[in-house]
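Listed below, chain by chain, are the residues.
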Amino acid sequence: MPAALDRNRIEKAYDRWAPVYDKVFGKVFERGRMAAIKATETHIGAHGGRILEVGVGTGISLVSYSRKNRLVGVDISAGMLRKARKRVIEHHLTNVEALAVMDAKHLAFPDSAFDAVVAQYVITAVPDPEATLDEFVRVLKPRGEIILVNPLRAEAGFRRTFEQGFSPLARRLGWSPEFPFARLMTWAHRRHVRLIERRPMPPLGHFSLIRFGKN
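Below is a short write-up of the structure. (Residues numbered from 1 in each chain as written. Predicted model: local features only at pLDDT ≥ 70, side-chain atom pairs only at ≥ 80, totals over all residues. Heavy atoms only, no water.)

### Looking at the nonpolar core
In terms of nonpolar packing, the biggest core is built from 32 residues, with Leu52, Val54, Phe109, Phe136, Leu148, Leu184 and Phe212 touching the most fellow members. Where this core is concerned, the elements lending two or more residues are strand E1 (50-54), strand E2 (70-75), strand E4 (114-120), helix H5 (129-139), strand E5 (140-151), helix H7 (181-191) and strand E7 (207-213). The greatest single-element share of this core, amounting to 5 residues, is contributed by H7. In contact with Val54, other than residues within four places in its own chain, are Val74, Ala104, Val117, Val118, Ala119, Gln120, Val122 and Phe136. By size, the runner-up hydrophobic cluster in this structure holds 25 residues, among which are Phe29, Leu62, Leu93 and Leu99. (Core = buried A, V, L, I, M, F, W, Y, C linked by side-chain atoms within 4.5 Å. Buried < 20%, exposed > 50% of the residue type's maximum accessible area, 1.4 Å probe, protein only. Helix = DSSP H or I, 4+ residues; strand = E, 2+ residues; numbered from the N terminus. Contact = heavy atoms within 4.5 Å.)

In C-alpha cells form, the structure reads like this:
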C-alpha cells in the first residue's frame, strides 16, 4: 500500500523542490496554470476581486493575474514562499496583499473573505482533501468559485500506463497519484456545491481543470 500523505513529508518535499521548481515544472504546468487564471478572472469580471491562491508556491502565477485583482497566497513550504516574495518585489506586484505559510486545512481567514479560491496541484497533495475543500467553501463568498487543477486517475488505456510511470515522480512531489474524480463529486454532493466545469488539460489529459460554485 502507498504511504499516506502527511504534512511534514509534503512540506519537506516542496522545500527541496523550491530552488528548481520553476525550471523543472514551469512549462509542464503552464497550460493548467493559465487556464485556471483565465477561469478565475472570467468568473470575477473586469472590475476585479479578491482571490486566495492556496499552494501559491514560488508565486509563478501571481504575475499573470490582472492588477485589478487583490491576491493572497498561502503555502505549506517556507522555501517556496521565499521565492514568491522575491518575485513580488521584482515585478512590483502591489496587488499582492499577503503571502503566508499556512496549512490549507486550517486557513486563518474569516468566513466569506474571497471571491475565488484557486488551488493548482494541491488537492491531491494534502492529507485530508475533503476537510481542505471544506475550508475553501468556508472562506469563499456566496456565489464564489473554487478553481482546481489536479491530476486525476484514469481507469484504463494509455493514460493509465503513463500515470503508472509518472507515479514515482508524483510521490516525490507529495502527490497522491491514485485520486479519482468520483471522490470530488462525493464531497460536492455532501456539501451541496455545484460542479460548473471539468476540462482535461495537457499533458495527455492527465490534469483536469475543475470549477465548483458555492450556492
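Structure's up, so let's keep going.
### Side note on the sheet that holds E1
Spatial strand order, E3-E2-E1-E4-E5-E7-E6: 7 strands in an open sheet with mixed pairing. Looking at the sheet topology across the chains shown, the edges are occupied by strand E3 (96-101) and strand E6 (194-201). Strand-to-strand twist across the sheet, computed as the mean angle between neighbouring axes with direction ignored, equals 15 degrees. Here 7 bridges tie E6 to E7, and the two strands are oriented antiparallel to one another. Among the inter-strand pairings, Arg198 is bridged to a residue of E7, identified as Ile210. Those strands touched by H5 are E1, E4 and E5, and its axis lies near 145 degrees from that of E5. H7 contacts E5, E6 and E7 of the sheet and is inclined by roughly 5 degrees relative to E7. (Pairing = 2+ DSSP bridges. Axes fitted to C-alpha atoms, helices over the stretch in contact; angles between N-to-C directions.)

### Observations regarding helix H3 (residues 30-44)
End to end, H3 covers 21 Å across 15 residues, agreeing with the expected 21 Å (1.5 Å per residue, within 8%). Every buried residue belonging to H3 is among Gly32, Arg33, Ala35, Ala36, Ile37, Ala39, Thr40 and Ile44, and all of these are buried. Taken together, the buried residues of H3 touch E1, E4, E5, E6 and E7. (Expected span 1.5 Å × (residues − 1).)

### Topic: the packing of aromatic side chains
This model, assessed by the stated rule, comprises 3 aromatic pairs. For the ring pair Tyr121 and Phe207, a centre distance of 5.3 Å and an interplane angle of 85 degrees mean the geometry is edge-to-face. Remark: Phe207 occurs in strand E7 and Tyr121 occurs in the loop between E4 and H5; sequence separation between them is 86 residues. The class for Tyr121 is buried, based on a relative accessible area of 8%. The class of Phe207 is buried, set by a relative accessible area of 3%. The residue whose ring lies beneath Arg198 is Phe181, and the NZ or CZ to ring-centre distance is 4.0 Å. (Phe/Tyr/Trp six-rings, centres within 6.5 Å; stacked < 30°, edge-to-face > 60°. Lys NZ or Arg CZ within 6 Å of the ring centre and 35° of its normal.)

### Details of the side chain of Glu135
Residue placement: Glu135 occurs in helix H5. With near-sequence residues (within four places) excluded, Glu135 lies in contact with Ala104, Lys105, His106 and Leu107.

### Observations concerning the pattern of salt bridges
For the coordinates displayed, the defined rule picks out 12 salt bridges. Among the ionic pairs, Asp115 bridges to Lys141, the shortest N-O distance being 3.4 Å. Within this pair, whereas Asp115 is found in strand E4, its partner Lys141 is found in strand E5, the two being separated by 26 residues in sequence. The partner of Glu197 in a salt bridge is Arg211, with the nearest N and O atoms 2.9 Å apart. One end of the pair, Glu197, is in strand E6; the other, Arg211, is in strand E7, and 14 residues separate them in sequence. No difference in accessibility class separates Glu197 from Arg211, as the two residues are buried. Linked through salt bridges whose partners overlap, the residues forming this network are Glu145, Glu197, Arg199 and Arg211. (Salt bridge = Lys/Arg side-chain N within 4 Å of Asp/Glu carboxyl O.)

### Points about the pairing of E1
A large share of E1 lies buried, amounting to 5 of its 5 residues. Residues Arg50, Leu52 and Val54 of E1 are buried on one face, and the alternating residues Ile51 and Glu53, pointing to the opposite face, are buried as well. Sheet topology places E1 next to E2; 5 bridges connect them, and they run parallel. Bridged to Arg50 within E2 is Arg70. Strand direction decides the pairing type here: E1 and E4, joined by 4 bridges, are parallel. What sits directly across from Leu52, in E4, is Val117.

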